[in-house]
Amino acid sequence: LDREARKRGNSTYFPDRVVPMLPERLSADLCSLVPGEDRPCLAARIVIGADGEKRGHSFHRGLMRSPAGLTYEAAQEIADRAETAPEGEAETPIEAAVMDLFEAYDALAEARERRGPLDLDLPERRIELGPTGEVVSVGFRERLDAHRLIEAFMIQANVCAAETLEAKRRPLLFRVHEEPGADKLDALRETAESCGMSFAKGQVVRPAQFNRLLHQAAGTDFAELINLSVLRAQTQAYYAPENLGHFGLALRAYAHFTSPIRRYADLVVHRALIAAHGWGRDGQTAEEAEALKETGEHISFTERRSMTAERDTADRYLAAYLKERVGDEFEGRISGVARFGVFVKLDGTAADGLVPIASLGREWFRHDEAANGLVGEQTGRVIGLGMRARVRLTEAAPV
């Protein structure tokens, strides 16, 4: 596990693998990747064909030594530079390895298109804090091909882990995402129709149906609203020992494997792989296998709790950021309509605010549930989903 342990002879080396004498449980500081340092790992070796389909895979336990710590931006820069580099220009070993990954990713992307998973396009908000905790800026993270590349290989590794443990009949926690319920589909259908789009009914729901709606909305004023509505229509994913498939990714079997120092579910899968291959004493115990249902329920609950905390934290930071701008006017888009008013999502920050119905002017607006909008009694003016709006901030309460 470390140089001192190897000096004491606590690891036995083989030509193609390492079998260290392990403690009962690894600590996180031994697992974090550091360039040039040996780190224990479980590795997935995946063979991908030119068509992007998996030809085979195997798992291995050993030590790895990373030659470099690359950010997403640095990897993307290597790929972009290679496209414009003069032919015959020599690549460094790291550049060559990155370009091999991008070529494999291109093949995986083609296979992904054929599989047809959900194709949501929701930018990730980025809140930057200053040294004393104040909000300096609010924006959105740039989404690069390097991000998609890592996601694609993580998905492949997760699929391989699930398939391997199924084949070895070893209990594990699957990542389950069931298809949406009828009530959520009806709500999405109403939203689509109010935006002048259609979402077909059918006995069997497929991700491709959602993708057709997303493609209808792409490039229109309703794109963000439809993406959010499709997301809200989905069921929440959870962990369970029963394999019910992953609807959103259009995969038969899926488990989390790639982040064992961040997610407990991945550690459960690692221990199952260790036990299934007979790699040491720190694998899955009979007691752990017996308690998988309760474990899955618990970590599904804590995951939802963490997501709520993250969302509430972002809302509080946004309110603190905007508190200094009370009285300012902002551009935005109507993201929700209710009897008591409309919700507007601001450009730039994606902060949501309520415009009470009493503040909409001198006439009375009634809620038209069928049209998902507000209609003025005297003028007939309609205020509906997706419409552009200029709003004035009157209150922002971080607490």
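What you see is a predicted model; the values in this text were computed from it and never measured.

1. A few points about the overall build of the protein chain
Inference 1: Secondary structure assignment for the protein chain yields eleven helices and 15 strands.
Inference 2: Sequence separation of at least 24 residues holds for 63% of the intrachain contacts in the protein chain that already meet a minimum separation of 6.
Inference 3: Working note: accessible area of the protein chain is about 23400 Å², and carbon and sulfur atoms make up 51% of it.
Inference 4: When the 52 basic and 63 acidic side-chain charges of the protein chain are each reduced to a single mean position, those positions are 4 Å apart.

2. Points about the packing of helix H9 (residues 264-277) against helix H11 (residues 292-323)
Inference 1: As a packed pair, H9 and H11 sit with axes 10 Å apart at the nearest point and diverge in direction by 155°. In terms of orientation, H9 lies roughly antiparallel with respect to H11. Contact residues: Tyr264, Ala265 and Val268 in H9; Leu292, Thr295 and Ile299 in H11.
Inference 2: Taken together, the residues of the contact of H9 with H11 break down into five nonpolar, one polar and no charged.

3. Examining the sheet that holds strand S13 (residues 373-376)
Inference 1: The sheet built from three strands is open, its strands ordered S12-S13-S14 with antiparallel pairing. A single partner strand is all that each edge strand has here, and the edge strands are strand S12 (365-368) and strand S14 (382-384). Averaged over all adjacent pairs, the angle separating strand axes in this sheet is 25°, with direction ignored.
Inference 2: Two strands pair when backbone bridges link them, and S12 and S13 are joined in this way by four bridges, in the antiparallel orientation. When the sheet's bridge partners are listed, Arg366 is paired in S13 with Val375.

4. Re the pattern of salt bridges
Inference 1: Evaluated as defined, the whole model comprises 24 salt bridges.
Inference 2: The partner of Glu77 in a salt bridge is Arg81, and the shortest N-O contact between them spans 3.5 Å. Pair noted here: Glu77 and Arg81 are both in helix H3 (residues 72-84), with a separation of four residues, about one helical turn.
Inference 3: With a relative accessible area of 37%, Arg81 lands in the partly exposed category.
Inference 4: With a closest N to O distance of 2.7 Å, Lys293 and Glu297 form a salt bridge. Residue Lys293 and its partner Glu297 are both found in helix H11; the two are separated by four residues, about one turn of the helix.
Inference 5: Residue classification places Lys293 among the partly exposed residues on the basis of a relative accessible area of 45%.
Inference 6: The partly exposed category is assigned to Glu297, whose relative accessible area is 45%.
Inference 7: If you follow the salt bridges from partner to partner, you end up with Glu329, Glu331, Arg390 and Arg392 in one network.

Cut-offs applied
- For every chain, the first residue of the written sequence is number 1, and numbering continues from 1 along that sequence.
- It should be noted that, the model being predicted, local features are given only for residues of pLDDT at least 70 and side-chain atom pairs only at 80 or more, the latter also being counted only at that level, while totals for whole chains, interfaces and linings use all residues.
- As a rule here, side-chain values cover all heavy atoms of the structure and leave hydrogens and water aside.
- Helix and strand assignments follow DSSP, with helices taken as H or I runs no shorter than four residues and strands as E runs no shorter than two, numbered in order from the N terminus.
- Any pair of residues with heavy atoms lying within 4.5 Å of one another is described as a contacting pair.
- Accessible surface is estimated by sampling points in the Shrake-Rupley manner with a 1.4 Å probe; for residues, cover comes only from the protein chains shown.
- Charge assignment: positive for Lys and Arg, negative for Asp and Glu; neither His nor the chain ends contribute.
- A charge is said to be at NZ when it belongs to Lys, at CZ for Arg, at CG for Asp and at CD for Glu.
- Fitted lines through C-alpha atoms give the axes, limited to the stretch in contact for helices. The angle between two N-to-C directions lies from 0 to 180 degrees.
- Geometric relationships in this document are graded by angle, where less than 35 degrees denotes roughly parallel, more than 145 denotes roughly antiparallel, 65 to 115 denotes roughly perpendicular, and other angles denote oblique.
- Asp, Glu, Lys and Arg are counted as charged, while Ala, Val, Leu, Ile, Met, Phe, Trp, Tyr, Cys and Pro are counted as nonpolar; the rest, among them Gly, fall into the polar class.
- DSSP-based pairing: two strands are paired if at least 2 bridges between them are found.
- By convention in these notes, a salt bridge is any Lys or Arg side-chain nitrogen within 4 Å of a carboxyl oxygen on Asp or Glu.
- Exposure is judged per residue with a 1.4 Å probe applied to protein chains only, and the accessible area is read against the type maximum: over 50% gives exposed, under 20% gives buried, and values in between give partly exposed.

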